[in-house]
Amino acid sequence: MVSVKVGDKIPDGVLKGSSNPEEVSACAVVVNYPIHEKWAGKKVVVFAVPGAFTPGCHIQHLPGFIEHYQEIKAKGVDIIACISANDAYVLDAWGKHSGASGKIEMLSDGLAAWTGSMGLTKDLSAIGFGLRTERFAMYLDDLVVKYLGVDAKGVSLSSASTVLASL
Ligand code: BEZ
């Protein structure tokens, strides 16, 4: 059950990012991404997807944030981040393949520990995926949740256009 709400300070955690060498086929150089250290004092839009390259995430969710990147940044947002419980190598390749490099930080919550600490996970074992993140989006100002949209189905409350309208 979702336990985080608007007005809460997000919990700390360590995700895995990558240094994003430009070449699509190059393996990521994986780095730790300490959330509070990276996002303190910043305006951050973060969205989470159940799986890199899955149709809803690949065709609808991520592309919306690439399309609306300039408009979101123009609202004063410092960082746009995409999280999934895939490993950092997959997320790096997905970001490069999709044209997100340099715009969206592709971050791995591999064991879904950070998202789980907010009740934002779901068990997709029935389809062979294991524990994954809910599909959600948040707008954070200095680590405090200003907007939270969770989608049980489809891409609506967590879409780039909905997040943009909330800024
Ligand atoms: C999707 O298309 O977004 C999706 C497919 C399978 C599992 C989770 C998400």
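Cut-off values and rules
Residues numbered from 1 in each chain as written. Predicted model: local features only at pLDDT ≥ 70, side-chain atom pairs only at ≥ 80, totals over all residues. Heavy atoms only, no water. Buried < 20%, exposed > 50% of the residue type's maximum accessible area, 1.4 Å probe, protein only. Helix = DSSP H or I, 4+ residues; strand = E, 2+ residues; numbered from the N terminus. Contact = heavy atoms within 4.5 Å. Polar contact = N/O pair within 3.5 Å; in protein donor to acceptor, adjacent residues only side chain to side chain. Salt bridge = Lys/Arg side-chain N within 4 Å of Asp/Glu carboxyl O. Disulfide = S-S within 2.5 Å. Pairing = 2+ DSSP bridges. Right-handed = clockwise from strand over helix to strand, strands pointing away.

K.L.:
Mind showing me how you'd approach helix H4 (residues 88–98) here?
P.N.:
Every α-helix winds through 3.6 residues per turn, so residues three or four apart in the chain are directed the same way. All of the buried residues in H4 are Ala88, Leu91, Asp92, Trp94, Gly95 and Lys96. Buried residues along H4 sit against strand S1 (14–18), strand S2 (30–34), helix H2 (55–67), strand S4 (79–84) and strand S5 (104–108). Backbone nitrogen of Tyr89 and a side-chain oxygen of the N-cap are separated by 2.9 Å at the start of H4; the cap is Asp87. Following H4 by one or two positions, Gly99 adopts a phi angle in the positive range, close to 80°.

K.L.:
Even after reading the chapter, I still don't get the environment of Val145, so can you show me in this structure?
P.N.:
With respect to the helices and strands, Val145 occurs in strand S9 (residues 144–151). The class of Val145 is buried, set by a relative accessible area of 1%. Taking the C-alpha atoms as reference, Val145 lies 9.9 Å from Val45; in sequence the two are 100 residues apart. Setting aside its immediate chain neighbours within four residues, Val145 contacts Val4, Lys5, Val6, Gly7, Asp8, Ile10, Met138, Tyr139 and Leu140.

K.L.:
Even after reading the chapter, I still don't get the pattern of salt bridges, so can you show me in this structure?
P.N.:
When their charged atoms lie close together, side chains carrying opposite charge are able to pair. For the structure shown, the criterion picks out three salt bridges. Here Lys43 and Asp141 are joined by a salt bridge, their closest N and O atoms 3.0 Å apart. Taken as a pair, Lys43 in strand S3 (residues 43–48) and Asp141 in strand S8 (residues 135–141) lie far apart in primary sequence, 98 residues in all. Among the residues examined, Asp141 registers a relative accessible area of 25% and is labelled partly exposed. Linking Lys96 and Asp92 is a salt bridge whose minimum nitrogen-to-oxygen distance equals 2.7 Å. Residue Lys96 and its partner Asp92 are located together in helix H4, separated by four residues, close to a single helical turn. Under the relative-accessibility criterion, Lys96 is labelled buried at 7%.

K.L.:
Just checking my understanding: could you explain the state of the cysteines for this structure?
P.N.:
Overall, the coordinates contain zero disulfides when judged by the stated rule. In this structure Cys27 is a free cysteine whose sulfur lies 19 Å from that of Cys82, the closest cysteine sulfur available. Free cysteine Cys57: the closest other cysteine sulfur is in Cys82, separated by 8.0 Å. Looking at Cys57, the relative accessible area reads 1%, which means it is buried.

K.L.:
Looking at this structure, I do not really get the pairing of S5. What am I missing?
P.N.:
Look at any regular strand and the pattern is simple: side chains alternate between the two faces of the sheet. Burial within S5 is extensive, with four of its five residues counted as buried. Summarising the sheet, S4 and S5 pair through five bridges and their orientation is parallel. For Ile83, the partnering residue across the bridge sits in S5 and is Leu107. Chirality of the crossover, the property in question, places the unit of S4, H4 and S5 among those that are right-handed.

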